Amino acid sequence: MKVGVLGARGKVGAEMCAAVEAAADLELVASIDAGDDINALVESGTQVVIDFTHPDVVMGNLEFCIKHGIHAVVGTTGFDAGRLAQLEAWLADSPQTGVLIAPNFSIGAILMMKFATIAAPFYDSVEIIELHHPTKADAPSGTAARTAALVAEARRAAGSPPFPDATSQEIEGARGADVDGVRVHALRIRGMIAHQEVVCGGPGETLTIRHDSMDRASFGPGVLTGVRQIAAHPGLTVGLEHFLDL
Ligand SMILES: NC(=O)C1=CN([C@@H]2O[C@H](COP(=O)(O)OP(=O)(O)OC[C@H]3O[C@@H](n4cnc5c(N)ncnc54)[C@H](OP(=O)(O)O)[C@@H]3O)[C@@H](O)[C@H]2O)C=CC1
Ligand SMILES: O=C(O)C1=N[C@H](C(=O)O)C[C@H](O)C1
């Protein structure tokens, strides 16, 4: 299968180029970064694109790929309901094309989100702490935003009450961001890569679900799973868990 990488000289993109080159069943035919001509994807016969670029440019990249019938496996963050609706609209005109958007491709992070979804309705309190390298553009992380949405959805489905919180005086930001009713706290720490804790609390106990990516190699196996499966999943898929039977 012919694979192209967008963001090829970036921190994750470079790792993905190496992962594709190391895979016997995949061929890296295009490595594109800022300033390069995206038409190289078409000229090289790219069948699947891997995108790890920037929230500001990813929509333009995907419009190009969908228009040219190139499947896309996307790690870049910054997707909201409006952006997902726009992708659905573009895909309606290219019904054989598949796009996978995954806020996190590491298996541990996917399991952490799954475990948090299971735990959320059993506890009075649930808050999320995400910790990343200080060169990250977006806050909160895509993973934290997705976890908050999943926690909120699980609690709505279970009829859980609002979280207890007596805060009546606050320096702005001290209680984190409100994402779908769930508090999310973002730390940017030199030396870190990608880490998250989901802290749950009930009478007399807490449960902390923590995941750590200590190397960007953690994203490789999940991305390659997406690359190998995307052609069989036309349309829009959000979350690698849908390709993992989770
Ligand atoms: N889903 C997941 O599992 C993961 C997602 N991410 C997300 O992936 C994205 C990239 O992260 P990271 O690698 O750390 O960031 P980097 O900044 O290290 O890499 C992004 C690269 O994309 C390049 N770029 C910018 N615009 C374009 C364009 N139009 N076409 C091609 N390349 C372009 C940048 O060039 P320049 O620097 O010159 O602008 C840079 O080389 C972020 O949104 C991050 O949150 C990260 C890790 C895992
Ligand atoms: O920017 C990063 O580094 C990461 N971004 C993704 C996110 O925003 O969740 C995935 C992972 O946390 C690394």
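The structure under discussion appears in the preceding block.
Here the residue numbering is sequential within each chain, running from 1 through the sequence in written order. Chain letters start at A and ligand numbers start at 1, both assigned in the order the entries are written. This being a predicted model, a pLDDT of at least 70 is required before a residue's local features are given, and a value of 80 or more before pairs of side-chain atoms are given or counted; all residues contribute to the totals for chains, interfaces and linings. By convention in this description, side-chain values take in all heavy atoms of the structure and omit both hydrogens and water.

## Focus on the overall build of the protein
Right, on to step 1. Strands are runs of DSSP state E lasting at least two residues, helices are runs of H or I lasting at least four, and both sets are numbered from the N terminus onward. For the protein, the count of helices and strands is seven helices and 11 strands.
Right, on to step 2. By the compact-globule yardstick of 18 Å for 246 residues, the protein fits well, its C-alpha radius of gyration being 19 Å.
Right, on to step 3. The principal-axis extents of the C-alpha atoms in the protein amount to approximately 60 × 40 × 30 Å.
Right, on to step 4. Type-normalised accessible area, obtained with a 1.4 Å probe on protein chains alone, sets the label of each residue: buried when under 20%, exposed when over 50%, and partly exposed for intermediate values. Burial analysis of the protein (246 residues in total) assigns 47% to the buried set.
Right, on to step 5. The contact rule is simple, with two residues in contact once any of their heavy atoms fall within 4.5 Å. Considering only contacts in the protein between residues 6 or more positions apart, those separated by 24 or more positions represent 72%.
Right, on to step 6. Only carbon and sulfur atoms are counted for the fraction: they give 54% of the accessible area of the protein, which is about 11700 Å².
Right, on to step 7. Just so you know, the count uses Lys and Arg for positive and Asp and Glu for negative, and it drops His and the chain ends. By convention, the charge on Lys lies at NZ, on Arg at CZ, on Asp at CG and on Glu at CD. Placing the 17 positive and 30 negative side-chain charges of the protein at their respective mean positions leaves the two points 2 Å apart. The globule rule used here is 2.2 Å times the number of residues to the 0.38 power, and the radius of gyration it is set against is calculated over C-alpha atoms. In these tables, accessible area is a Shrake-Rupley quantity obtained with a 1.4 Å probe, and a residue counts as shielded only by the protein chains included in the view.

## Here's the deal with the sheet that holds strand S9 (residues 194–202)
Right, on to step 1. With respect to topology, five strands assemble into an open sheet ordered S7-S8-S6-S9-S10, the strand pairing being mixed. The open sheet has two edge strands with one neighbour each: strand S7 (177–179) and strand S10 (205–213). This sheet shows a mean twist of 25 degrees between the axes of neighbouring strands, independent of strand direction.
Right, on to step 2. Strand pairing is defined by DSSP finding a minimum of two bridges between the two strands. When S7 meets strand S8 (residues 182–188), the two strands line up antiparallel, connected through three bridges. For Val179, the partnering residue across the bridge sits in S8 and is Val182.
Right, on to step 3. In this fold helix H5 (residues 107–119) packs onto S9 and S10, with an angle of close to 160 degrees to the strand it touches most, S10.
Right, on to step 4. With axes taken as lines fitted to C-alpha atoms, and helix axes fitted only over the stretch in contact, angles between N-to-C directions fall between 0 and 180 degrees. Against the sheet, helix H6 (residues 142–158) makes contact with strand S6 (125–132), S7, S8 and S9, and its axis sits at roughly 170 degrees relative to S6, the strand it touches most.

## Some details on the state of the cysteines
Right, on to step 1. What counts as a disulfide here is a pair of cysteine sulfur atoms lying within 2.5 Å. Inspection of every chain in the model, using the stated rule, returns zero disulfides.
Right, on to step 2. Its sulfur unpaired, Cys65 is 14 Å from the next cysteine sulfur, which belongs to Cys17.
Right, on to step 3. Look at Cys65 and you get buried, because its relative accessible area is 0%.

## Section: a nonpolar patch on the surface
Right, on to step 1. Nonpolar side chains collect at one region of the surface, where Phe115, Ile118 and Phe122 lie side by side and expose about 370 Å² of accessible area between them.
Right, on to step 2. Along the chain, Phe115 falls in helix H5.
Right, on to step 3. A relative accessible area of 44% means that Phe115 is categorised as partly exposed. In this scheme, patches are assembled from residues that exceed 30% relative accessible area and form no salt bridge. Like charges are connected within 9 Å, while nonpolar side chains (Val, Leu, Ile, Met, Phe, Trp, Tyr) are connected within 5 Å. Any carboxyl oxygen of Asp or Glu within 4 Å of a side-chain nitrogen of Lys or Arg constitutes a salt bridge here.

## Looking at unusual backbone geometry
Right, on to step 1. Geometrically, the link from Ala139 to Pro140 is a cis peptide bond, its omega value of -5 degrees lying close to zero.
Right, on to step 2. Positionally, Pro140 belongs in the loop between S6 and H6.
Right, on to step 3. In this structure, Asp180 is a non-glycine residue whose phi angle is positive, near 55 degrees.
Right, on to step 4. For Asp180, the location among the structural elements is in the loop between S7 and S8.
Right, on to step 5. One non-glycine residue, Asp245, lies in positive phi territory at about 60 degrees.
Right, on to step 6. Considering the arrangement of structural elements, one finds Asp245 in the segment after strand S11 (235–238).

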